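# Coordinates in review
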Amino acid sequence: MTVHGRRALVTAGSSGLGTAIATSLRADGAEVFITGTGPHTGEVAREIGAAGWAIADFTRAGAAAAAADVARETLGGIDILVSNTGGTRAAKATELCAEDWDSAYRLLLDSAISLTNAVLPAMSAAGWGRLIYVTSVGVVKPLPLLHLSNVMRAGVAALARSLAAEVAPHGVTTHVIAPAHIDTPRRRALATARAAAAGVPVAELEQRQLATELPVGRWGRPEEIGELVAYLCSEFAGFQTGQTHVVDGGMTST
């Protein structure tokens, strides 16, 4: 399995799943450009041997397209897009306002559309490309308190699936990654929020999750997502497209 010589843009690549994905692609020989929202983004880029990086807040109009432009200039082109973002606010539906929905739209769905528009024409012209959209298991099973994510990420998944047949004749494949319970800072933050909403200690809630929601009995590892993405970007996965890959330790099978 190799992506040697391919050029990859991994957004939100400065932490969590994004870093794991960028690391796996880089280890398999891809040139990688990452984006992030914090000052540590450059440090992470140097640690994984990325060719470049940019600070980009996708809740701001035009930020995703601008980041793609910088990545294209740095790499000389983009063969692989990993559209990935941070999470949205966890709250009851009645606690959400119009600004929350607008921000979530820009962060999750509009950024995916903008990034796709920025890279797809060149991929199609070249006859090869990979469009990978990192979402959440919420696209197949809506999660409590994550209304913003459930709705907007479902749109991202629909984008990937609707594109699949259209772009496949041009050598471009699309995939949706739908993880849950991967041990990242986001998972721990959500556990804290849910424990607070339920009025129980975080450790108690996590023990309950492991016992009742995860047949495999453990949290997922970020590198498991990274290696899956690297495989889907390789030549070995060229006959696969339009798929949603649920990585949840068996959660949705219970």
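None of these values were measured; they are calculated from a predicted model.

Each helix and strand counted, the protein chain has 8 helices and 7 strands in total. In summary, the protein chain has a C-alpha radius of gyration of 18 Å against a globular reference of 18 Å for 254 residues, a match within 12%. Taking the principal axes of its C-alpha atoms as reference, the protein chain extends roughly 55 × 40 × 35 Å. Considering only residue pairs separated by 6 or more positions, the protein chain has 71% of its internal contacts joining residues 24 or more positions apart.

Taking 1.5 Å per residue as the helical rise, helix α5 (residues 147-167) with its 21 residues ought to reach 30 Å, and the 30 Å between its terminal C-alpha atoms agrees with that figure. Its buried side turned inward, α5 meets α4 (98-126), β5 (129-134) and β6 (172-179).

Taking 1.5 Å of rise per residue, the 12 residues of helix α1 (residues 16-27) would be expected to cover 16 Å, and the 17 Å separating its terminal C-alpha atoms lies within 8% of that figure. Within α1, burial applies to Leu17, Gly18, Thr19, Ala20, Ile21, Ala22, Ser24 and Leu25. Directly beyond the C-terminal end of α1, a positive phi value near 105° is found at glycine 29.

A separate point is the packing of α1 against helix α8 (residues 222-232). Look at α1 against α8: their axes get within 8 Å of each other, and the N-to-C directions meet at 45°. Here α8 runs oblique to α1, going by the angle between their axes. The element α1 and its partner α8 pack so that their crossing is right-handed. Touching Leu17, Ala20, Ile21, Ser24 and Leu25 of α1 are Pro222, Glu223, Ile225, Gly226, Glu227, Val229 and Ala230, all from α8. For the contact of α1 with α8, the class distribution of residues is 8 nonpolar, 2 polar and 2 charged.

Turning next to the pairing of strand β2 (residues 31-36). Burial analysis of β2 places 5 of its 6 residues in the buried class, which makes it a mostly covered element. Here β2 runs beside strand β3 (residues 52-55); their pairing, made up of 4 bridges, is parallel. Counterpart to phenylalanine 33 in the pairing with β3 is glycine 52. With helix α2 (residues 41-48) bridging β2 and the parallel β3, this β-α-β connection has right-handed handedness.

Here we come to the environment of lysine 92. You can see lysine 92 is positioned in the loop between β4 (80-83) and α4. When sequence neighbours within four positions are dropped, the list of residues in contact with lysine 92 reads Leu145 and His147.

With that settled, consider the domain arrangement of the protein chain. Annotation of the protein chain at the domain level lists domain 1 (7-182 + 221-247) and domain 2 (183-219). Centre-to-centre, using C-alpha coordinates, domain 1 lies 25 Å away from domain 2. In this assembly, domain 1 packs against domain 2 so that about 1,100 Å² is buried in total across both faces, 56% of it on carbon and sulfur atoms. Joining domain 1 to domain 2, the criterion identifies 1 salt bridge. Linking arginine 218 and glutamate 224 is a salt bridge whose minimum nitrogen-to-oxygen distance equals 2.8 Å. The interface formed by domain 1 and domain 2 includes 4 residue pairs in polar contact (both at pLDDT 80 or more).

As for its placement among the helices and strands, proline 39 is situated in the loop between β2 and α2. Judged by relative accessible area, which is 83%, proline 39 ranks as exposed. Put simply, proline 39 and glutamine 240 are 201 residues apart on the chain and 37 Å apart in space, counted from C-alpha to C-alpha.

Scanning all chains against the criterion turns up 0 aromatic pairs. Above the ring of tryptophan 128, the side-chain terminus of arginine 6 is found at 3.6 Å from the ring centroid.

In summary, the side chains of a regular strand alternate between the two faces of the sheet. Covered by surrounding structure in β4 are Ile80 and Val82 together with Leu81 and Ser83, the residues of both alternating faces. Bridge analysis of strand β1 (residues 7-10) against β4 gives 3 bridges, and the strand direction is parallel. Note that in β4 the partner of leucine 9 across the bridge is leucine 81. As judged from the 4 bridges shared by β4 and β5, these two strands associate in the parallel manner. Across the sheet, the residue bridging to isoleucine 80 is arginine 130, located in β5. After leaving β4, the chain enters α4 and then returns to the sheet as β5, a path that is right-handed.

Thresholds applied
- Residues numbered from 1 in each chain as written.
- Predicted model: local features only at pLDDT ≥ 70, side-chain atom pairs only at ≥ 80, totals over all residues.
- Heavy atoms only, no water.
- Helix = DSSP H or I, 4+ residues; strand = E, 2+ residues; numbered from the N terminus.
- Rg over C-alpha atoms; globule rule 2.2 N^0.38 Å.
- Contact = heavy atoms within 4.5 Å.
- Expected span 1.5 Å × (residues − 1).
- Buried < 20%, exposed > 50% of the residue type's maximum accessible area, 1.4 Å probe, protein only.
- Axes fitted to C-alpha atoms, helices over the stretch in contact; angles between N-to-C directions.
- Parallel < 35°, antiparallel > 145°, perpendicular 65-115°, else oblique.
- Left-handed = near helix turned anticlockwise from the far one by under 90°.
- Nonpolar A, V, L, I, M, F, W, Y, C, P; charged D, E, K, R; others polar.
- Pairing = 2+ DSSP bridges.
- Right-handed = clockwise from strand over helix to strand, strands pointing away.
- Domains from an automatic or database assignment.
- Buried area = accessible area lost by both parts, 1.4 Å probe.
- Salt bridge = Lys/Arg side-chain N within 4 Å of Asp/Glu carboxyl O.
- Polar contact = N/O pair within 3.5 Å; in protein donor to acceptor, adjacent residues only side chain to side chain.
- Phe/Tyr/Trp six-rings, centres within 6.5 Å; stacked < 30°, edge-to-face > 60°.
- Lys NZ or Arg CZ within 6 Å of the ring centre and 35° of its normal.

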